[in-house]
Amino acid sequence: MTGSYPNTRLRRTRAFGWSRALHRETLLTPADLIWPLFVTEGEGLEEPIGTLPGVSRWSVDGIVERAREAVRLGVPVVALFPNTPPERRSDDGVEAHNPDNLVCRAVRAIKQACGDDIGVLTDVALDPYTSHGQDGLLDASGYVANDETVAALVDQAINQAEAGADIIAPSDMMDGRVHAIRMALEMGGHHNVQIMSYAAKYASAFYGPFRDAVGSGGLLKGDKKTYQMDPGNIREALREVEMDIAEGADSVMVKPGLAYLDVAATVAAHVDVPVFAYQVSGEYAMIEAAAAAGAGDRDALVLETLLAFKRAGCSGILTYHAPVAAKLLNG
Ligand code: PBG
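All figures in this text were calculated on a predicted structure; none of them were measured in a lab.

> Honestly, the pattern of salt bridges in this entry has me stumped. Any pointers?
Pairs can form between side chains of opposite charge whenever their charged atoms are close. The tally for this structure, following the rule as stated, stands at 17 salt bridges. Across the pair glutamate 69 and lysine 327 runs a salt bridge, and its minimum N-O distance is 3.5 Å. On the criterion of sequence distance, the pair formed by glutamate 69 in helix H2 (residues 60–73) and lysine 327 in helix H11 (residues 322–329) is long-range, its members being 258 residues apart. The class for lysine 327 is partly exposed, based on a relative accessible area of 47%. A salt bridge links aspartate 135 to lysine 224; the nearest nitrogen and oxygen atoms lie 2.7 Å apart. Note that aspartate 135 is positioned in the loop between strand S5 (119–124) and helix H4 (146–163) and lysine 224 in the loop between helix H6 (208–213) and helix H7 (235–246), a separation of 89 residues in sequence. On the basis of relative accessibility, which here comes to 1%, the residue aspartate 135 falls in the buried class. Through salt bridges that share partners, Arg66, Glu69 and Lys327 make up one connected network.

Following this line, the structure appears as structure tokens:
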């Protein structure tokens, strides 16, 4: 119950910094962050990504340095995405099953350098490996075939788990893939490998810079609307989330972030598993562009938007701003 003025003046508790600190309902810490990283072939390489100013692709040695940096900053997880060389992309994306592909080499290198000081999340979906840029296998009509794709995703997930991945994150939006991956992990003895499912992932215009970063943007013809969710839907998001939990997901994700904060809040209020949000590449680019145009203070925009996810009920956020935010939070 809220009193009435002047017995109650809501500005009283806002008058001083110590009081604002005391009454703050939501906190953001470096431990809330997951840092997505792009891996590229080679040695000693850093390739800046034009549409993601401040973000680069790194060769495996550089990825290991980023992982060490995450440990120093208190960021508990890095997420890996490969920029597969064009000659290793194919219609069926078989490079996803190669135990020596970029992601597997990066996982092994990080685990060798940092051990259990950091968690490594790997993305399950075929788009960084296919010559057509879709997340799955195409049938004769060009439709992404669900069940054939799930079989390929299972192999991809096991390949990543065997390389040492701690969290398997299917981002493909096929039906039934969480159950299939969970069964295969159990049968393979990977009992403690987590599944963080991209449960409510929308067909969004905010993924453009990511597709540049993994080199799939130029390859993709058409869109992903036959498997990623329609932006108009939220009840369906709950069905996606409930099914993935029933199938064995340890945590679920909503993606993109800010434009879908209502979805994240509704999901978080509805289920008991940890909910994560992915502040995606286009959101990062918007904040950087706004700051570069003098329309806002970059650091303040970063911390305010990330805090919003915590306030909405999220356990954590995948964000390219993770190192920037962690440095700010660590003072
Ligand atoms: C692909 C995948 C995408 C992202 C993560 N995994 C893009 C897509 O679905 O086309 C987007 C992340 C971002 O934009 O930052 N499976």
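Read on for the rest.
> Hey, could you run me through the packing of aromatic side chains in this one?
By convention here, two paired aromatic rings are described through the distance between centres and the angle between planes. Across all of its chains, the model carries nine aromatic pairs by this definition. Between phenylalanine 81 and phenylalanine 210, the aromatic rings sit 5.0 Å apart at their centres with planes inclined by 90 degrees, giving edge-to-face as the arrangement. Of the two residues, phenylalanine 81 is situated in strand S4 (residues 77–82) and phenylalanine 210 in helix H6; the sequence distance between them amounts to 129 residues. Assessed through its relative accessible area of 2%, phenylalanine 81 is described here as buried. Note on phenylalanine 210: relative accessible area 14%, which makes it buried. Here tyrosine 202 and tyrosine 260 contribute two aromatic rings whose centre-to-centre distance is 4.4 Å and whose plane-to-plane angle is 25 degrees, an arrangement assigned as stacked. A residue pair is termed long-range when its members are at least 10 positions apart, and tyrosine 202 in the loop between strand S7 (194–201) and H6 and tyrosine 260 in the loop between strand S8 (251–255) and helix H8 (261–270) qualify at 58 residues. Each member of the pair, tyrosine 202 together with tyrosine 260, is buried. Among the aromatic residues, those joined into a ring-pair cluster are Phe38, Phe81, Tyr198, Phe210, Tyr278, Tyr284 and Tyr320. Directly above the ring of tryptophan 58 sits arginine 66, whose terminal nitrogen or CZ lies 4.1 Å from the centroid.

Definitions and limits used
- Residues numbered from 1 in each chain as written.
- Predicted model: local features only at pLDDT ≥ 70, side-chain atom pairs only at ≥ 80, totals over all residues.
- Heavy atoms only, no water.
- Salt bridge = Lys/Arg side-chain N within 4 Å of Asp/Glu carboxyl O.
- Helix = DSSP H or I, 4+ residues; strand = E, 2+ residues; numbered from the N terminus.
- Buried < 20%, exposed > 50% of the residue type's maximum accessible area, 1.4 Å probe, protein only.
- Phe/Tyr/Trp six-rings, centres within 6.5 Å; stacked < 30°, edge-to-face > 60°.
- Lys NZ or Arg CZ within 6 Å of the ring centre and 35° of its normal.

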